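Tertiary structure, described
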Amino acid sequence: MTDEALVARAVEGDVDAYAALAEQYYSSCARIARRMLRNDADAEDVVQETFLRAFRAIGRFERGREFRVWLFTILVNQCRTAATSRKRRHLRFSDDEAAIARAADERPIAVVEEKSAVSIAVDSLEPLLREAFVLKYVEGLDYAEMATITGAGISALKMRVKRACDALRPKLEAIYHE
Amino acid sequence: MSDVDDEELFERAGAALRSPSANDAAAREALVHAIRDEPRRSPVTTSRKASPWWMAFAAAAVAFVAGLGTGRSMSRPPSVAKAGSGDSAERRVEFVFVAPAARNVSLVGDFNGWDATATPMRRTDGRTTWSVAVPLAAGRHVYAFVVDGNDWVTDPQAPLSPEQWFGQRNSVVVVPVGDRGS
Amino acid sequence: MKGLRTVVLSSLIIAFASLAAGAQEARLRGSLDAETLANVTKLTDSARAESLPVDPLIGVALEGAQRHAPGGRIVGAVRDYLKALRGSRSALGNDAAPSEIVSGAGALLSGVSPDALRRIRDAATRRPLTVSLVVLADLIARGVPKDTAARAIETAARANARDDDYSALRRYVEQDILAGASPAAAAMLRVRSITGGPP
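Conventions adopted
Residues numbered from 1 in each chain as written. Chains lettered and ligands numbered in written order. Predicted model: local features only at pLDDT ≥ 70, side-chain atom pairs only at ≥ 80, totals over all residues. Heavy atoms only, no water. pLDDT = per-residue confidence, 0-100. Helix = DSSP H or I, 4+ residues; strand = E, 2+ residues; numbered from the N terminus. Contact = heavy atoms within 4.5 Å. Buried area = accessible area lost by both parts, 1.4 Å probe. Nonpolar A, V, L, I, M, F, W, Y, C, P; charged D, E, K, R; others polar. Buried < 20%, exposed > 50% of the residue type's maximum accessible area, 1.4 Å probe, protein only. Polar contact = N/O pair within 3.5 Å; in protein donor to acceptor, adjacent residues only side chain to side chain. Core = buried A, V, L, I, M, F, W, Y, C linked by side-chain atoms within 4.5 Å. Phe/Tyr/Trp six-rings, centres within 6.5 Å; stacked < 30°, edge-to-face > 60°. Pairing = 2+ DSSP bridges. Salt bridge = Lys/Arg side-chain N within 4 Å of Asp/Glu carboxyl O.

Here we look at the confidence of the model for chain C
Residue and element names in this part refer to chain C. On average, residues of chain C carry a pLDDT of 87, and 87% of them reach 70 or more. Mean pLDDT values over the elements of chain C span from 65, in helix α1 (residues 2–31), up to 96, in helix α5 (residues 98–109). The ipTM assigned to the predicted complex is 0.84, against a pTM of 0.55.

Okay, structure coming up:
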């Protein structure tokens, strides 16, 4: 069943339809939350909270709006709230450097290790830059969608992505030996 | 490094971060349980208790979609017809309200003296939706729906009125001048 | 020929409006007790003398009657509304359209200051204010703090927002609030996405 059909049924109260949507979007929400909160347990809580809030609000979801964008808007707000209110371990900068250096020395890089190394690099970005990078390069959203989700203007978002890429470039080059 | 290589570098990083995590399965299952445990918006059985009658719309709405599935919105804000030819000061405005469990619904507002008998609404769309079209002068109007003769309710699709003269808000509709419909 | 047609149509419109006003006032007479009717009529007469919109006042009285409110409460409501209409016209200027004056009164009743209303009027330059002020009152009704809401509408007006933009802003903020966003944050973020404002 298409997203649109699932959403239409979920809007009318069909719990199974909503559960199917939740299954479908769980991974991408989890990915975003993990990068934004840098902590798997916190991310899981936030993702759960996001889907429950969306479920409570879905009766008023407007047809014609894209569900994914709406859902991510809720998620990003939840991540921002959680980031300011929860205690979490901070990755110290020197830990990042050491981890990247270790990753760069290994050969050939296994998928899991590549992902860890890239995660560490992305996690070291400032929150707004990280958010923009993840929405664009991990979730593949376009700038208009990103603007809706984050509330920022398109040119501001492009600037954030550029700054994120500038900060990541040397670290990614080290990881990929380029 | 060229721009293309640059872009590829970041796309590659993005792809790496998209590879699935092992942990998700348990969390997904927990989420689905939590969703099913949420209080239902639409009661499966009709209740003797005074639960808000509008909560029943969801259950009937599924039947509506299954039966008709016309792709038009079930509930929508008041829609203003385009101005006809000539300089009429009035425009025809259609009000739509979803209330499958109601026995009768009428429209009240500053245009009919808030008289609940003046503008009864008609069931449409497989009996879940009520509608009526009235001519309204251009400008701002306040209105509400009266359900089963007693319950005055606001339109969930419309702006709320700031005034609560008698303890309850109403809804607002602005009828534009000129040729624009809404 | 066109001139004559305009005159005829205008006469018809005026005649219709009088008929409608007459009908409303007949309704008032039928709905209110003598004392309440007398007090309300004094207030509507004042409004008429000051060239303020009378229909909303009659509307409030009729609403009160239909809701079976006590006469004193009805008169109090009409009096407060008249005061708000005066304040609105004072803030928006004598050339404000009746629907703008009425929406402005709503904003004042929501707690928006006359200064804030003036700033919105100045920001909107030549665009009509009715819808923007209706949306302002709605945002406040949904929990957006009044100063934040007024600033948001002023920002949108400065960015040349049209009626559709305000309507969309209202719907998105409503959904965001339902989804758990704080009303203030929802309003500020959504207006930025209209205006393409700073990060």
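Concerning the interface of chain C and chain B
Across the contact, 34 residues belong to chain C and 29 residues belong to chain B. Carbon and sulfur atoms make up 63% of the area that chain C and chain B hide from each other, which totals about 2600 Å². Ranking the residues of chain C by area buried against chain B places C:E63, C:Q66 and C:R67 at the top, with a combined share of 23%. Tallied by class, residues from the side of chain C that touches chain B come to 15 nonpolar, 9 polar and 10 charged.

Remarks on unusual backbone geometry
Backbone geometry places B:D148, a non-glycine residue, at a positive phi of 55°. Along the chain, the position of B:D148 falls in the loop between β6 (139–147) and β7 (151–153). You will see that C:N160, though not glycine, has its phi angle at about 65°, which is positive. Counting through the fold element by element, C:N160 comes out in the loop between α8 (146–158) and α9 (163–178).

A look at the environment of C:R73
As for its position among the elements, C:R73 is in helix α4 (residues 71–92). Overall, C:R73 belongs to the partly exposed group, its relative accessible area being 43%. Sequence separation of C:R73 and C:A61 is 12 residues, and the distance between their C-alpha atoms is 9.5 Å. Discounting chain neighbours no more than four positions away, the residues touching C:R73 are B:W165, B:F166 and B:G167. In terms of polar contacts, C:R73 uses its side chain to reach the backbone carbonyl oxygen of B:W165, at 3.3 Å.

Quick look at the nonpolar core
With 73 residues, the main nonpolar core has A:Y18, A:F51, A:F67, A:V118, A:F133 and A:L172 as its most contacted residues. Among the elements that line this core, the one with the most residues is helix α2 (residues 15–37) of chain A, at 13 residues. Residues contacting A:F51, with those up to four places away along its chain left out, are A:Y18, A:A22, A:Y25, A:Y26, A:C29, A:L71 and B:L31. In terms of nonpolar packing, the next biggest core, distinct from the first, is built from 69 residues, B:W114, B:V146, B:V172 and C:Y81 among them.

As for the packing of aromatic side chains
Residue and element names in this part refer to chain A. For the structure shown, the criterion picks out 15 aromatic pairs over all chains. Pairing Y26 with F51 gives two aromatic rings, centres 6.2 Å apart and planes at 10°, and the pair type is stacked. Here F51 lies in helix α3 (residues 40–57) and Y26 lies in helix α2, a separation of 25 residues in the sequence.

Points about the pairing of strand β2 (residues 90–98) of chain B
All names here are of chain B. Bridge count between strand β1 (residues 79–80) and β2: 2 bridges; the pairing is antiparallel. What sits directly across from S79, in β2, is E94. Here β2 pairs with strand β5 (residues 129–137) via 9 bridges, running antiparallel. Each residue of the ladder has a partner; that of E90, found in β5, is A137.

Comments concerning the side chain of C:E63
Along the chain, C:E63 falls in helix α3 (residues 55–66). C:E63 gets classed as buried once you look at its relative accessible area, which sits at 3%. If we skip the residues at most four places from it in the chain, C:E63 touches B:W114, B:W152, B:W165, B:F166 and B:N170.

Notes on the interface of chain B and chain A
Note: interface size is frequently given as the accessible area lost on complex formation between the parts. Listed per partner, the contact involves 37 residues of chain B and 44 residues of chain A. One can count 3 salt bridges joining chain B with chain A. Taking the shortest distance from any N to any O, the salt bridge between A:E23 and B:R28 comes out at 3.7 Å. Here chain B and chain A share 7 residue pairs in polar contact (both at pLDDT 80 or more) between them. When contributions to the side of chain B that touches chain A are tallied by element, the ones reaching two or more residues are α1 (3–18), α2 (24–37) and α3 (57–67) of chain B. Ranked by residue count, the leading element in the side of chain B that touches chain A is α1(B), at 11 residues. Class assignment of the residues belonging to the side of chain B that touches chain A gives a composition of 19 nonpolar, 6 polar and 12 charged.

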